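Spelled out from the first residue to the last, the chains are:
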Amino acid sequence: MSQLTESAAGFQKPLLSQGSRSILLHVGIVILLFLLYFALPVYHSGNLARILVLAVFAMGYNVLFGYTGLLSLGHALFFASGMYGFGLAIQFIDVVPIVAIIIGLLSAVVVSVVVGILALRTTGVAFMIVTLMFAQAGYLTVLLFGEYTRGDEGFNIHRSDRVLFGFDLSQATNRYFCALILFAICFFLTAWLVHSRFGKTLVAIRENEERARMLGYDIQRHKLIAVIISGALSGAAGVAYALLFGYAGASFAAVQYSILPLLYVLLGGAGTTIGPLIGTVFMFYLIDLSSDLASAYLSSEFASAYMLIAGIVLILLTLFAPQGFAGLLRSKCKWLP
Amino acid sequence: MSLISTRGLSKNYAGLQAVSNVDFNLPEGQVRALIGPNGAGKTTFVGMLSGRIKSSSGSVIFSEKDITKLPAHKRMTMGMAYTFQITSVFSKLSVHENVALAARRVIRDKPSVVNAKVTSVLEKVYLADRYDQIAGDLSYGHQRLLEIGMGLAQSPKLFILDEPTQGLSATEVEGFIELIRVLSENTTILLIEHNMDVVMKAAHYITVLNFGEILAEGTPDEIRANQSVQTAYLGSH
Amino acid sequence: MDFGPYLFVASLEGAITAAVLALTAVGLSIVFGIMRVVNVAHGEFYMLGAVLAWWITSMIAGHPALGFWVAIVAAPLLVGALAVLCDRFILNKVNYDPERTIVATIGLLYVIQQTTLMTFGPEARPVQAPFNERIALPWFEYGESGFQMIWPWGLSTTTYKLFVIVAAIIVLLVLWWVMTRTRIGLIMRATQLDQEMAQAHGIAVNKVYALVFGLGAALAALGAVLVVPIQQAYYLMGSDPLLLSFIVVIIGGLGSVLGTVVAAVLIGMSDGIISVFFTPTLAKILATLLVAFVLVFKPNGLFGKSRE
Ligand SMILES: Nc1ncnc2c1ncn2[C@@H]1O[C@H](COP(=O)(O)OP(=O)(O)O)[C@@H](O)[C@H]1O
Ligand SMILES: [Mg+2]
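Reading guide: rules and limits
Residues numbered from 1 in each chain as written. Chains lettered and ligands numbered in written order. Predicted model: local features only at pLDDT ≥ 70, side-chain atom pairs only at ≥ 80, totals over all residues. Heavy atoms only, no water. Helix = DSSP H or I, 4+ residues; strand = E, 2+ residues; numbered from the N terminus. Rg over C-alpha atoms; globule rule 2.2 N^0.38 Å. Buried < 20%, exposed > 50% of the residue type's maximum accessible area, 1.4 Å probe, protein only. Contact = heavy atoms within 4.5 Å. Areas by Shrake-Rupley, 256 points an atom, 1.4 Å probe, with all protein chains shown as cover. Core = buried A, V, L, I, M, F, W, Y, C linked by side-chain atoms within 4.5 Å. Axes fitted to C-alpha atoms, helices over the stretch in contact; angles between N-to-C directions. Parallel < 35°, antiparallel > 145°, perpendicular 65-115°, else oblique. Left-handed = near helix turned anticlockwise from the far one by under 90°. Nonpolar A, V, L, I, M, F, W, Y, C, P; charged D, E, K, R; others polar. Polar contact = N/O pair within 3.5 Å; in protein donor to acceptor, adjacent residues only side chain to side chain. Pairing = 2+ DSSP bridges. 1 Å grid on protein atoms, 1.4 Å probe; cavity = no way out; pocket = protein on both sides within 12 Å on 5 of 7 lines; lining within 4 Å. Points joined across faces, edges and corners; volume = space filled by probe spheres on them. Donors = N, O, S within 2.8 Å, 3.2 Å for Na, K, Ca; no water. Buried area = accessible area lost by both parts, 1.4 Å probe. Salt bridge = Lys/Arg side-chain N within 4 Å of Asp/Glu carboxyl O.

Moving on, we get to the overall build of chain C. A tally of helices and strands in chain C yields eleven helices and four strands. The C-alpha radius of gyration computed for chain C amounts to 21 Å, which stays within 12% of the reference 19 Å derived for 308 residues, consistent with globular compactness. Taken along the three principal axes of its C-alpha coordinates, chain C extends 75 × 55 × 40 Å. Residue burial in chain C is summarised as follows: out of 308 residues, 51% are buried. Partitioning the contacts of chain C with sequence separation of at least 6, the portion at a separation of at least 24 is 74%. Within the structure as shown, chain C displays about 14,500 Å² of accessible surface, and the carbon and sulfur contribution to it stands at 68%.

Following this line, the structure appears as structure tokens:
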């Protein structure tokens, strides 16, 4: 008994500071990103805006893959639903940007509800193939309606349509801080989510679905909600991409854009809140750097072959570091979220 | 009054009749042992009570409601808890989080309330000093105790345990019998058990299953004296 | 041309698609059936077969047919050998864990595809058929003077196209014979049924897996070598066969070789007919949705038996 109170009391203290350390880490990262804008040359802060949006996509993917244990090969569908929901609304129904943003988010949610209900009837490999097929059907649908979507070529979104609350988002500073605000919201949201009752149940489902079911948790409902949250975050990233960079194209619906978030999350560390950001930064610069080097010293074909890097990294990761960077870090410091 | 009962409950695995036509009544407050040789259909039977296994025919009534069509998780929320024959814990999570997951489903309150429950449960299953360990690192016996703790944390009306003492040391078995005694004051318990010592000490009443059918029912003394049980089961042990 | 002869030509074209598809899909199917590995890079092995065929035929001077005959033997062997290496150094190293193998084969897909782009280039390149005589086909019609044989204009095929169909049938028959009548086939089937049991009986499961993965890739490459004189070699040509093979394997029942062949014939034959009614994009959308819905609602395939 005395042993018990001792160990419980001994645990109480680090538990508290674990929470505050985690909050500190998240706030610190956002502040760092804020300051980076002023420290970095223009080229890199432009890249960083793109990275932040893609990191939101990866965070959405992480909710499903990292925390719930469901490996989707079709997240481009959710990203593209947001992108085209927003882009087509602003192009063809002539609504104000904020309404188009809501339409974009809603289309991602609706698509994830439908895909979730159907795909969650399957598990494992079948789930992977079903999500892949739905996303492929989505990509082909974008091509089929090429009259409106302009297919692979895509379409630009007018500067006048990219003004939000009086801020012109085609302007670099506004664009960066808009991306940072979105990133911060999603970052804190996922951090809060995974520490909530719901998030902990998702982890339980990932670890041992049958046991979680026999504890009385409704597995299907939890998984469906996870798909919807994941789809909504991915859709938000799609909306933001079109809004901030003024372009929507079919390549964002193609299978590469389903593979990339998987790659970011695997690389950064699945099931950690900071993994998606780390993975996105690393992968983005790896591709950027290697295509720079290739176009400087080799032919232009080498520069366009950036997916080669992605392929090599995927293989190396599965072979040598299935836990990713944050996983390696976490084995050093346990308190990492 | 029966807390749980079945009428004509049967399970057919692609031609193999694992449980056939079982009528079963478990009164509230009782500790019932379910015994029988390997392959008698015990796990299948309790699986159909808990909803883990779909029944082929027949019905299950729990707290006076027909739950035959309810999925497992709904039955658990009605006040059942279940431990698996093959130990099933969240092996990558801490001992504390394992029990907290069970407690959180029942206690929709502040983390501190959940933590208090977890602490008291871990004390009952002799794991208080292993609060912080990863469940997968525990010994086999301790994992079994942890799973029992996860059941306790749900404060169930009906607690179903499938061979809980398998793999426990002699002192742990003694502790388990004591645990059942304390628990039985406000929980109905259905226990699949091979250890006859545990059965005789802990159970109020015994059901013997053989080839998927009820062979006999009675108090421990009656079962000990029953000739057909002797030949079917006890003799061969 | 009348509708009858037209349909006849369409079915002949369909039969070629079906023959090549059957080879490719059976390759995917045995890999899944025996190893439980979903090989997303299967289409790239197909593409490599075609590209190697182009490379070999352009290397070998002399009669164009000579290059082709070398290619039809060498390309599948080279691709199979590459696949064996991939199995040894990648799949085996992740213990054939289903999710990690999918991720790894996705990586492999991009590595093979992009490496081909960088070496072979972005152009589509033709390969000459070893023989290609036009054969006019007869049609039977009930005319004034009773049943008569006519030779409608345009009703024709080539000897090479007939060769593709016959070659695929022969290869599938040989494969069937190997799987059912030989010791190596028995070993493969034993491994499929129970990997641990096979291991306990002294079967070198690792070697069987390497062989199966190599064989699966070689079948895809063979299909591509056969088709490349009709189509062209191109670094992106792997994606359609991958999709179609997936469809065929899933509809035929995952891992069932006979179901796969039946489904390949059905889908290959109807491919031509579908594209008469729909735009190719719409046809592909319907095909992908079909796969998704079969997996969701009939996970054992349209012809598969349901399990408990
Ligand atoms: N999923 C299953 N599929 C087929 N047969 C099963 C399955 N589960 C159990 N059985 C069979 O049903 C019978 C009863 O098994 P079980 O309920 O586990 O018995 P017990 O728990 O009494 O040892 C056994 O013959 C067993 O082989
Ligand atoms: Mg049992």
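Counting residues in hydrophobic clusters, the biggest one holds 202 residues, and the most contacted among them are Leu33, Leu73, Phe86, Tyr176 and Phe183 of chain A together with Phe213 of chain C. Sorting elements by how many residues they give to this core places helix H1 (residues 3–35) of chain C first, with 16 residues. In terms of nonpolar packing, the next biggest core, distinct from the first, is built from 49 residues, Leu101, Val125, Phe176 and Ile180 of chain B among them.

This brings us to the packing of helix H2 (residues 42–59) of chain C against helix H3 (residues 64–91) of chain C. All names here are of chain C. Look at H2 against H3: their axes get within 8 Å of each other, and the N-to-C directions meet at 140 degrees. As far as their axial angle goes, H3 and H2 are oblique. Crossing angle aside, the handedness with which H2 passes H3 is right-handed. For the pair formed by H2 and H3, the contact residues are Phe45, Leu48, Gly49, Leu52, Ala53, Ile56 and Thr57 on the first element and Gly67, Phe68, Val70, Ala71, Ala74, Ala75, Leu78, Val79, Leu82 and Ala83 on the second. Within the contact of H2 with H3, the residues separate by chemical class into 14 nonpolar, three polar and no charged.

With that out of the way, let us pick up the side chain of Lys11 of chain B. Position of Lys11 of chain B relative to the elements: it lies in strand E1 (residues 2–13). Polar contacts involving the side chain of Lys11 of chain B include one to the main-chain carbonyl oxygen of Lys54 of chain B, which spans 2.8 Å.

Here we take up the pairing of strand E7 (residues 158–162) of chain B. Residue and element names in this part refer to chain B. Of all the five residues making up E7, five are buried; the element is thus mostly covered by neighbouring parts of the structure. Taking every second residue as pointing to the same face, both faces of E7 are buried, with Leu158, Ile160 and Asp162 on one and Phe159 and Leu161 on the other. As paired elements, strand E6 (residues 80–83) and E7 share four bridges and run parallel to each other. Across the sheet, Tyr82 pairs through a bridge with Ile160, a residue of E7.

Moving on: empty space enclosed by the protein. Residue and element names in this part refer to chain C. Enumeration over the complete set of coordinates arrives at four cavities of 30 Å³ or more. Quantified by volume, the largest cavity comes out at close to 70 Å³. In terms of lining residues, the largest cavity is bounded by ten residues, among which Leu28, Phe32, Val38, Phe246 and Val249 are the most central. Of all elements in the fold, only H1 and helix H9 (239–252) reach the threshold of two or more residues within the lining of the largest cavity.

Right, let's talk about the coordination of the magnesium ion (ligand 2) for a bit. Think of it this way: four donors in a tetrahedron around the metal ideally sit 109.5 degrees apart, and six in an octahedron ideally sit 90 or 180 degrees apart. All names here are of chain B. Coordination of the magnesium ion (ligand 2) by the protein comes from Thr43 (OG1) and Gln85 (OE1), over a distance range of 2.0 to 2.2 Å. Of the two residues, Thr43 sits in helix H1 (residues 42–50) while Gln85 sits in the loop between E6 and helix H3 (95–106), which places them 42 residues apart along the sequence. Given a relative accessible area of 23%, Thr43 falls into the partly exposed group.

A few words now on the interface of chain B and chain A. At the interface, 31 residues of chain B touch 22 residues of chain A. For the pair chain B and chain A, the summed buried surface comes to about 2,400 Å²; carbon and sulfur atoms form 63% of the total. Among the residues chain B hides against chain A, the three largest losses belong to His73, Phe90 and Arg104 of chain B. Together they make up 23% of the total. Counting across the interface, chain B meets chain A through two salt bridges. Seen at the junction of chain B and chain A, the total is nine residue pairs in polar contact (both at pLDDT 80 or more). If you list the elements that add at least two residues to the side of chain B that touches chain A, you get helix H2 (72–77), E6, H3, helix H4 (111–124) and helix H5 (140–152) of chain B. Per-element tally for the side of chain B that touches chain A: the top contributor is H3 of chain B, with five residues.

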